[in-house]
Amino acid sequence: MMAEQSKQIATITAVTNTSLTAVLSDTIDTKAGDQIGKLGSYVTINAGDRTVIGTISSIRNHDISAVEEKISIRPTKKIMDIQLLGTLQDGKFIRGVSSFPVLGSAVSSAGLEDLDTIFKTYRAGNYSLGKLSLFDQERLFIEPNKFFAKHIALFGSTGSGKSCSTASILQKVEQLENTHVILLDLHGEYEPAFKDHGNVIKITELELPYWLMNFDELVETFVDESELTAHNQIMVMKEAVLDSKRGKNTTLKEFLTIDTPVYFDFLEVSARMRSLDTERTLGGKEGPFYGQFTRFLVRLESKIQDKRYEFLFKPKKYKSSDTFNDLLTKLFGLDTGKQITVLDLSRVPFDVINVLVSLLGRIIFDFNMWNSARQNFPVLIVFEEAHTYLSTTGKSNAARKTVERIAKEGRKYGVSCMIVSQRPSEISETITAQCNNFIAMRLLNPNDQSYVRKLVPDSLANLIDILPTLQQGEAFVIGDAVAIPARVLIDMPNPTPASGDIKFFNKWQKKEADTNVADVVSNWWKQIRT
């Protein structure tokens, strides 16, 4: 437990513009059970008419060689580094430090009253992530408008509690009257967490018809840009798609562009390109595009006939531009009265995930861009397993480009994003650099730790060193929405997502159910996941 009153624990020996160095008092026992003088605990320093707040970022002996050789001629001094966080003035906490302590100033442990002043800064919003790890009698309240509007990044290694934390964050807003959240669930694990109050849709049942794709997404799906004839394929496909859109939507003809989301007939596009691919003149001479579209047509035919892509290329419900309204109503859950839509993408072929994420993200962004009531329709898009499709190294760029646009421009149109990933170092920096709130859970990979360290302000970079030591469900929260960077135990969601680890050893010890190979094969053939 924390001491109720502040207590002098050290004296300042060095001051920089972001940190302090202090000598710990000989009377302080860092082995005691309380948090005084412990790594990560908060301290206060008087600076004239205000009090500077900091956190202990490291503790060391000043003469390590003497300790190692067990020379005890004089007591070993303990040195601590203090990261500056903000200022208490006139009973209010202010981020940043404008008046610095002087050498020789006393460093005291933060008392209950000091902590209460700091952490009540955003208590009025009544949105809390969980309890502070070091002071479990205090909860971390955040400013929810800054949290949800300024993009969120949630990073953590496998097993750190990312899915439960994501569910916990969203469950706290799922019953608000005007919440609009769309979660892209790559593994089908969030249905249990939102089955009662959420709108859970399997993407194969929703249908996302091909005619919603913009031209870049069509090119990425059907054109191999390494082929010598790729330029001609793109040029002719563009003309064919635009002509089909104009023919099927005559009342909109003068407004249509190649990217307008209206119905067009892929059979017309295919027929025109097949005709040019086999065209010969009256004298039997090959036409200008003879043989140039053969591979394109093979790819087109293969995907259109593939059963896995039926939700995209063979829509049963959305077969005209007039059905676009119904699709958007269902996507945003406006017909159910449920505030959170979970899109289960677990049955989607891996090679189309990138284009599908791009399509969904762009539709949501464009919807609010054209929505005159966007100020009253803010939308949060949650990109789960973001490293899968937002990498800068993959062959497919559609999703990355779309999410980069949302990250850069989304706030103007009331569209925010939450990036959830176990490999932050693989995600485009253009996206993460726009995130103003970071929830960093346990990260073991040194590259990922370094990447997160680059994303936070230089003055807080040293605090990232604690990431490998965090327990499951614990996070370090930094950003505009928190009064000061804080280590927090995030509340468990209720109900939880289906993301728990299988207990291998327990299951190996005792058999609880038989595996029916015939059932497995049948599900495999019929593409049924349970």
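Bear in mind the structure is a predicted one, so any value in this text is a computation, not a measurement.

## With respect to the overall build of the protein
No. 1: Broken down by element type, the protein carries 18 helices and 18 strands.
No. 2: A principal-axis box enclosing the C-alpha atoms of the protein has dimensions of 105 × 60 × 50 Å.
No. 3: Taken over 530 residues, the protein has a buried fraction of 50%.
No. 4: When contacts within the protein are restricted to residue pairs at least 6 apart in sequence, long-range pairs at least 24 apart make up 69% of them.
No. 5: For the protein, the exposed area adds up to about 26,200 Å²; of that, 50% sits on carbon and sulfur atoms.
No. 6: Taken as two groups, the 62 positive and 64 negative side-chain charges of the protein have centres that lie 1 Å from each other.

## Topic: helix α9 (residues 266-277)
No. 1: With twelve residues, α9 should cover 16 Å at 1.5 Å per step; its first-to-last C-alpha distance of 16 Å lies within 8% of that length.
No. 2: Among all positions in α9, only F266, V269, S270, M273, L276 and D277 are buried. Here the buried residues of α9 occupy an arc of 130° about the axis, which is enough to place them on one side.
No. 3: Where α9 is buried, its residues touch α7 (215-222), α8 (230-248), α10 (294-305) and α11 (310-313).
No. 4: Measuring from the side-chain oxygen of the N-cap residue of α9 to the backbone nitrogen of L267 gives 2.8 Å; that N-cap residue is D265.

## Focus on the pattern of salt bridges
No. 1: For the structure shown, the criterion picks out 25 salt bridges.
No. 2: One salt bridge connects K454 with E429, and the closest N-O pair in it is separated by 3.5 Å. Of this pair, K454 sits in helix α16 (residues 446-455) while E429 sits in helix α15 (residues 429-432), and the two are 25 residues apart along the sequence.
No. 3: By sharing partners, the salt bridges in this structure join E217, R362, D366, R405 and E409 into a single network.

## Here we look at the sheet that holds strand β16 (residues 437-440)
No. 1: Here eleven strands make up an open sheet; going across it, the order is β9-β8-β18-β17-β16-β10-β15-β14-β11-β13-β12 and the pairing mixed. One side of each edge strand has no neighbouring strand; the edge strands of this open sheet are β9 (139-141) and β12 (198-202). Neighbour-to-neighbour, the strand axes of this sheet turn through a mean angle of 25°, independent of strand direction.
No. 2: Sheet topology places β16 next to strand β17 (residues 474-479); four bridges connect them, and they run antiparallel. Following the sheet pairing, A440 is matched in β17 by F476.

## Remarks on the layout of surface pockets
No. 1: Each pocket or cavity is described by its volume, and for the largest pocket that value is around 970 Å³.
No. 2: Considering the residues around the largest pocket, the lining is formed by 35 residues, among which E220, K395, S396, N397 and A398 are closest to the centre.
No. 3: Classifying every residue of the lining of the largest pocket by side-chain character gives eleven nonpolar, eleven polar and 13 charged.

## A word on the nonpolar core
No. 1: With 93 residues, the main nonpolar core has L208, M237, F266, L343, L345, F383 and I419 as its most contacted residues.
No. 2: Per element, the largest residue contribution to this core is eleven residues, and it comes from helix α13 (residues 350-369).
No. 3: Aside from chain neighbours lying at most four places away, what touches L345 is L184, D185, L186, I203, I353, L356 and L360.
No. 4: If you look at the next biggest cluster of nonpolar residues, it comprises 46 residues, including L88, F119, L154 and I490.

## Focus: empty space enclosed by the protein
No. 1: Counting across every chain of the model gives two cavities of 30 Å³ or more.
No. 2: Taken as a whole, the second largest cavity spans an internal volume of roughly 30 Å³.
No. 3: Lining the second largest cavity, in full, are I118, F119, T121, Y122, L140, F141, V482, A483 and I484.
No. 4: Elements with a contribution of two residues or more to the lining of the second largest cavity: α2 (112-119) and β9.
No. 5: Taken together, the residues that form the lining of the second largest cavity break down as eight nonpolar, one polar and no charged.

## A short note on the environment of K395
No. 1: Mapped onto the elements of the fold, K395 is located in the loop between β14 (379-383) and α14 (398-409).
No. 2: In the structure, K395 is positioned 41 residues away from N354 in sequence and 10.0 Å away in space, judged by C-alpha atoms.

## Considerations on the packing of aromatic side chains
No. 1: Across all of its chains, the model carries 22 aromatic pairs by this definition.
No. 2: Here the aromatic rings of Y210 and F266 are separated by 5.0 Å at their centres, their planes lie at 40°, and the arrangement is tilted. Here Y210 is found in the loop between α6 (203-206) and α7, whereas its partner F266 is found in helix α9, with 56 residues between them in sequence. By the burial criterion, Y210 is buried, and F266 matches it.
No. 3: For the ring pair F504 and W508, a centre distance of 5.5 Å and an interplane angle of 80° mean the geometry is edge-to-face. Note that F504 and W508 are positioned in helix α17 (residues 504-509) at a spacing of four residues, about one turn of the helix.
No. 4: The rings of Y210, F222, F264, F266, F296, Y309 and F313 are connected pair by pair, giving a single aromatic cluster.

## Focus: a negative patch on the surface
No. 1: On the surface, D216, D224, E225 and D259 cluster together into a patch of negative charge.
No. 2: Counting through the fold element by element, D216 comes out in helix α7.
No. 3: Residue class for D216 comes out exposed when judged on its relative accessible area of 56%.

## Here's the deal with the pairing of β14
No. 1: With five of its five residues buried, β14 lies for the most part within the structure.
No. 2: Across the two faces of β14 the burial is the same, with V379, I381 and F383 and L380 and V382 all buried.
No. 3: Bridge count between strand β11 (residues 181-185) and β14: four bridges; the pairing is parallel. By the bridge assignment, V181 is partnered in β14 with L380.
No. 4: Inspection of the sheet shows β14 paired to strand β15 (residues 415-421) by five bridges, in the parallel sense. Within β15, the position partnered with V379 by the bridge is V415.
No. 5: Handedness of the crossover is the feature at issue here: the chain leaves β14, passes through α14, returns alongside β15, and the resulting connection is right-handed.

Rules behind the numbers
- Residues numbered from 1 in each chain as written.
- Predicted model: local features only at pLDDT ≥ 70, side-chain atom pairs only at ≥ 80, totals over all residues.
- Heavy atoms only, no water.
- Helix = DSSP H or I, 4+ residues; strand = E, 2+ residues; numbered from the N terminus.
- Buried < 20%, exposed > 50% of the residue type's maximum accessible area, 1.4 Å probe, protein only.
- Contact = heavy atoms within 4.5 Å.
- Areas by Shrake-Rupley, 256 points an atom, 1.4 Å probe, with all protein chains shown as cover.
- Lys, Arg positive; Asp, Glu negative; His and termini not counted.
- Charge placed at Lys NZ, Arg CZ, Asp CG, Glu CD.
- Expected span 1.5 Å × (residues − 1).
- Arc of directions from axis to C-beta.
- Polar contact = N/O pair within 3.5 Å; in protein donor to acceptor, adjacent residues only side chain to side chain.
- Salt bridge = Lys/Arg side-chain N within 4 Å of Asp/Glu carboxyl O.
- Pairing = 2+ DSSP bridges.
- Axes fitted to C-alpha atoms, helices over the stretch in contact; angles between N-to-C directions.
- 1 Å grid on protein atoms, 1.4 Å probe; cavity = no way out; pocket = protein on both sides within 12 Å on 5 of 7 lines; lining within 4 Å.
- Points joined across faces, edges and corners; volume = space filled by probe spheres on them.
- Nonpolar A, V, L, I, M, F, W, Y, C, P; charged D, E, K, R; others polar.
- Core = buried A, V, L, I, M, F, W, Y, C linked by side-chain atoms within 4.5 Å.
- Phe/Tyr/Trp six-rings, centres within 6.5 Å; stacked < 30°, edge-to-face > 60°.
- Patch = residues over 30% accessible without salt bridge, like charges linked within 9 Å, V, L, I, M, F, W, Y side chains within 5 Å.
- Right-handed = clockwise from strand over helix to strand, strands pointing away.

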